[in-house]
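Close look at the chain arrangement
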Amino acid sequence: MQTEPIITTLTCMAFLLVNTSLAFNIEGGTKCFAHSPSTPNSFFGYQFSVAQPLAPGSDDIKLILGAPYAIQRQQTGKNQPISSNFPLPERLSSGDVFSCSVKLLSPYQSCTSVMPERPNRSANPDVITERDGFGLTLASPRSSKILTACAPFRARRCSDSFFTHGACYKSPDFGSNWGATPRSISSKMDPECDTKLDLVFLLDGSASVSKDDFQKVLEWLIAVSSRFDVSGTTNIGVIQYSHYYMDIDDPVEASQFLETEIAIGKIKDFSNFTAAVHQIQRHGYTTYTAHAINKTVEDFKNSSRFHDPTTTKIMILLTDGRSDDVDYLEASAHYARSFGIIIFAVGVASFAEEELKVITGNHADMDENENTFGLENFDQLVTTVTALQESMTEVMKFPDGSTSRNLTNELQQPHVGLSAAYSNVR
């Protein structure tokens, strides 16, 4: 009589029943399965969530196991049995979930892949399922057949960048059937690549900017705007600022030289937008930057998307000198940023570096500060077009105000599904 398989099985069964809330790796240590339903180094059994009798009085146990590094076939049919001679497939995707019927006192256990259908690549070419770690997390409430399985490293390709947002699926019957789409925990679970953007250019129109240089500013504005979809997801506004009458009580009259040249999103045709920009005439006068920032906040508030959490708000402030209302500058900049408005500051010629840092809230050195640009003259504006586009594109993914990749973008970089659990309320 072969007692070793029976003893091994009893040992494994005792381990499973005592430790149903713990993760373990069947590939290491005692072999509970004579035919491992995974390829080498698949982390088969890294986590399991369900261990209960299939039917009252039955000695069979249903066990759901994750294999987050398992390599799958190019076409994996639902409930496809996986045997010990499982052929090595094309390495198109990784991660798997198995439903295993564990029969007491039997050394031979039966496991079946219950992977949900992955996103159709032809319909969703930017969704990356390779190495997404499916099966790294499993969760199921007690006394229920509900199963949640997650792929925390699933990504979306957006141009030359990636959102690693993860995905979770829910099944009502231990993986026999799954929802048609990943279960979302918010509308940002599966973000689109084209993030909505409200962008306002705040232009210094003071007397220290010559008419010729002001025309260079307008051409620069058009060049930066051309990098975004003005006719689609991007709304652009333009404000020119110079003088503010501090001694006038009427705020409208006092701010007549803080002028909205183009309201946010008013022009959605780029040729018409270009023509409108060319019509802007320089004011002259002084440089009331702090009051101009306050004016810009009010223009942002007039946008229909001001309270939309999926819309990034960016202000690009250009100045060639020091502010005449510098005592208010820090408060005004903080006021703008408190609404989630991300500020880029471009200083030209006689700009004050410390003021740019106060405006952006980024006090790093200029060569390390991705929110500020310091230029010797207006001819150098052209050198900032690509850099501004790239920095703004990154900020649209990380709208905390920096381009740091170690921060999340409101559930667009959070590895959703890295951990999951059900709470049982009595």
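Residues numbered from 1 in each chain as written. Predicted model: local features only at pLDDT ≥ 70, side-chain atom pairs only at ≥ 80, totals over all residues. Heavy atoms only, no water.

**Points about the overall build of the chain**
Tallying secondary structure elements over the chain gives eight helices and 16 strands in all. For the chain, the residues scored as buried account for 49% of the 426 residues in total. Once local pairs closer than 6 in sequence are excluded, the contacts in the chain between residues at least 24 apart make up 67%. On the chain, roughly 20,500 Å² of surface is accessible, and the fraction owed to carbon and sulfur atoms is 50%. (Helix = DSSP H or I, 4+ residues; strand = E, 2+ residues; numbered from the N terminus. Buried < 20%, exposed > 50% of the residue type's maximum accessible area, 1.4 Å probe, protein only. Contact = heavy atoms within 4.5 Å. Areas by Shrake-Rupley, 256 points an atom, 1.4 Å probe, with all protein chains shown as cover.)

**Description of the state of the cysteines**
Applying the stated criterion across every chain, the model contains two disulfides. Residue pairing for Cys-100: its cysteine sulfur links by disulfide to Cys-111, the two sulfurs lying 2.1 Å apart. With the S-S dihedral at roughly 110°, the linkage between Cys-100 and Cys-111 falls on the right-handed side. You can see Cys-100 sitting in strand E3 (residues 94–103) and its partner Cys-111 sitting in strand E4 (residues 110–113), a full eleven residues away along the chain. There is no split in this pair, since Cys-100 and Cys-111 are both buried. (Disulfide = S-S within 2.5 Å.)

**Focus: the pattern of salt bridges**
Taken as a whole and judged by the stated rule, the model has nine salt bridges. Lys-196 is the partner of Asp-308 in a salt bridge, and the nearest nitrogen-oxygen pair spans 2.6 Å. Taken together, the residues Asp-308 in the loop between helix H5 (289–301) and strand E14 (311–319) and Lys-196 in strand E11 (residues 196–204) connect sequence positions 112 residues apart. By relative accessible area, which is 28% here, Lys-196 ends up partly exposed. Glu-354 serves as the salt-bridge partner of Lys-357, at 3.6 Å between the closest nitrogen and oxygen. A residue pair is termed a helical-turn pair when its members lie 3 or 4 positions apart in one helix, as Lys-357 and Glu-354 do in helix H7 (residues 353–360) at three residues. Shared partners join several salt bridges into a network, and the residues in it are Asp-213, Lys-216 and Asp-379. (Salt bridge = Lys/Arg side-chain N within 4 Å of Asp/Glu carboxyl O.)

**What to know about the sheet that holds strand E13 (residues 258–262)**
Strands sit in the order E13-E12-E11-E14-E15-E16 across an open sheet of six strands; the sheet is mixed. Edge positions in the sheet fall to E13 and strand E16 (372–375), since each of these pairs with one other strand and no more. Put simply, the sheet's adjacent strands are angled 20° from each other on average, direction ignored. Sheet analysis places strand E15 (residues 341–348) next to E16, joined by four bridges and oriented parallel. The residue of E16 that forms the bridge with Val-346 is Phe-373. Its contacts with the sheet place helix H2 (residues 211–225) against E11, strand E12 (234–241), E14 and E15, and it is angled at close to 175° to E11. (Pairing = 2+ DSSP bridges. Axes fitted to C-alpha atoms, helices over the stretch in contact; angles between N-to-C directions.)

**Some points on H7**
Among all positions of H7, only Glu-355, Leu-356, Lys-357, Ile-359 and Thr-360 are buried. Of the residues one or two after H7, Gly-361 is the one with positive phi, at around 75°.

**Considering the packing of aromatic side chains**
Describing an aromatic ring pair means giving the distance of the ring centres and the angle of the ring planes. Going through the model one piece at a time under the given rule, you end up with twelve aromatic pairs. Ring geometry for Phe-44 and Phe-98: centres 5.5 Å apart, planes at 75°, overall edge-to-face. Here Phe-44 is found in the loop between helix H1 (3–18) and strand E1 (47–53), whereas its partner Phe-98 is found in strand E3, with 54 residues between them in sequence. Each member of the pair, Phe-44 together with Phe-98, is buried. Geometrically, the ring pair formed by Phe-134 and Tyr-169 is tilted, given 5.5 Å between the ring centres and 55° between the ring planes. Placement of the pair is Phe-134 in the loop between strand E5 (127–128) and strand E6 (137–139) and Tyr-169 in strand E10 (residues 167–171), with a sequence separation of 35 residues. Look at Phe-134 and you get buried, because its relative accessible area is 0%. The structure contains a cluster of three or more aromatic residues connected by ring pairs, namely Phe-43, Tyr-46 and Tyr-69. It is Lys-313 that lies over the ring of Phe-306; its NZ or CZ is 5.3 Å from the centre. (Phe/Tyr/Trp six-rings, centres within 6.5 Å; stacked < 30°, edge-to-face > 60°. Lys NZ or Arg CZ within 6 Å of the ring centre and 35° of its normal.)

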